[in-house]
Amino acid sequence: MFPAVPLQATLTLTFVALLLLFLAIVTVWQMVEIVDATEKRALTVFGEYRKLLEPGIHFIPPFVSATHRFDMRTQTLDVPRQEAITRDNSPVTADAVVYIKVMDAKKAFLEVDDYKRAVSNLAQTTLRAVLGDMELDDTLSKREEINAKIRKELDEPTDEWGIRVESVEVREVNPSQDVQRAMEQQTSAERKRRAMILEAQGERRSAVEKAEGDKQSNIIRAQGEKQSQILEAQGDAVSTVLRAKSAESMGERAVIERGMETLESIGQGESTTFVLPQELTSLMGRYGKHLTGSDVKLDEGQLDSLEFDEETRQMLGLDNIDELIGQIDEEADLDVEEMEQEAQAIKEGEDVDSIQDPDEVISGMSDEFEDDSDERDLETETETN
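Every value quoted in this text rests on a predicted model; they were computed, and no experiment measured them. (Residues numbered from 1 in each chain as written. Predicted model: local features only at pLDDT ≥ 70, side-chain atom pairs only at ≥ 80, totals over all residues. Heavy atoms only, no water.)

## Notes on helix α3 (residues 115-132)
Right, so step 1: Taking 1.5 Å as the rise per residue, α3 with 18 residues should run 26 Å; its terminal C-alpha atoms sit 26 Å apart, in good agreement.
Right, so step 2: Every buried residue of α3 is listed here: Y115, A118, V119, S120, A123, Q124, T126, L127, V130 and L131. (Helix = DSSP H or I, 4+ residues; strand = E, 2+ residues; numbered from the N terminus. Expected span 1.5 Å × (residues − 1). Buried < 20%, exposed > 50% of the residue type's maximum accessible area, 1.4 Å probe, protein only.)

## A closer look at unusual backbone geometry
Right, so step 1: Notably, F46 is not glycine yet its phi reads approximately 55 degrees, a positive angle.
Right, so step 2: Tracing the backbone through its elements, the reader meets F46 in the loop between β2 (39-45) and β3 (48-53).
Right, so step 3: A positive phi is found at N89, a non-glycine position, where the angle reads about 60 degrees.
Right, so step 4: Looking at where N89 falls in the secondary structure, it is placed in the loop between β6 (75-85) and β7 (91-102).
Right, so step 5: Owing to a relative accessible area of 64%, N89 belongs among the exposed residues under this scheme.

## A closer look at the pattern of salt bridges
Right, so step 1: According to the stated counting rule, one finds 18 salt bridges in the structure shown.
Right, so step 2: In this structure, E39 engages R69 in a salt bridge whose closest nitrogen and oxygen atoms are separated by 2.2 Å. Pair noted here: E39 is in strand β2 and R69 is in strand β5 (residues 65-71), with a separation of 30 residues, a long-range link.
Right, so step 3: Relative accessible area serves as the criterion here: at 1%, E39 is assigned to the buried category.
Right, so step 4: D71 is the salt-bridge partner of R73, the closest N and O atoms lying 3.0 Å from each other.
Right, so step 5: In this structure D71 comes out as buried when scored by relative accessible area, which is 13%. (Salt bridge = Lys/Arg side-chain N within 4 Å of Asp/Glu carboxyl O.)

## A few points about the sheet that holds β6
Right, so step 1: Across the sheet, 3 strands lie side by side as β6-β7-β8; this open sheet has antiparallel pairing. The sheet terminates laterally at β6 and β8 (163-175), the two strands that pair on one side only. On average, adjacent strands in this sheet sit at an angle of 20 degrees to one another, irrespective of strand direction.
Right, so step 2: Packing of α3 onto the sheet brings it into contact with β6, β7 and β8, and relative to β6 it is tilted by some 35 degrees.
Right, so step 3: Against the sheet, helix α5 (residues 143-160) makes contact with β7 and β8, and its axis sits at roughly 140 degrees relative to β8, the strand it touches most. (Pairing = 2+ DSSP bridges. Axes fitted to C-alpha atoms, helices over the stretch in contact; angles between N-to-C directions. Contact = heavy atoms within 4.5 Å.)

Okay, here's the thing in structure tokens:
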């Protein structure tokens, strides 16, 4: 039989075995490095940079190696709110967001201590500098220009760190409370000014349209009055022609009767001596012959009225009396009341679209009267020929 092993020795051997197993597990754990697909890792051995570990499984020296992780995706950095003084001495506060991406992990590891903190601090100082070079109004309105300037200022130093600044967005630019109150008052005053301008323009337009309506109404009313005067004048002319035509039938008989009335008035005077013109004595003789028939020759006939010559008849329009009366009847059909209603409607602004240019209206009336005058002259010339 084998000699019995002491219990203490057994425990020692078991502890050593477990220790060796633990050391083996830790060694394997230290040797295996798994890199995700979205990152790269910088490997150092005894503090010396060796290489970049790409995504996958890598075996590295245990216990003397170290890896530094770099996310290769686009990363977001918040720039804290910064206070700045603009060129026109107005205090403002602003914050921003910077989007960066690691393009060279080796430079990001070797050239800068903490690239995120470095970029954030650089963005803060650049933001204050850009705002300080601009006017207050520009800082509030030219947001794209501010973003472009900050990105341009960040590009050069971050390229040396292997970092690319993809975008910079300024989120808020707020002036001080005093400036905000002043801006609100300015905005309110500007709105009141615009409202007053619009109101004045509306009143002016209303006044212009009302004046134009009154003008057109006066023109239409003047047209009606002028047409009325024309009709009245034509009526007087026709009345004169009718009286002339009636006098035509009287002829010499009317002249003799007027002469006898004159003799009667002369005879009523107190004088006994009268001087009569030869023409009057001749008329008296002819009138006596006509009344008694004693000295009237058979071939002379009865006393007839005188006829108007051709020139006088054309001048008086005796041959066209019926046509003139017909024209007056047509003109008399003009609805003067309707013209008054139309003028009143235009004056009140109810029929603004029908308002015509006064010069065109007057020109049309003048052309119409000239055409009528030319037609009458042509008719007279034709009748004369």
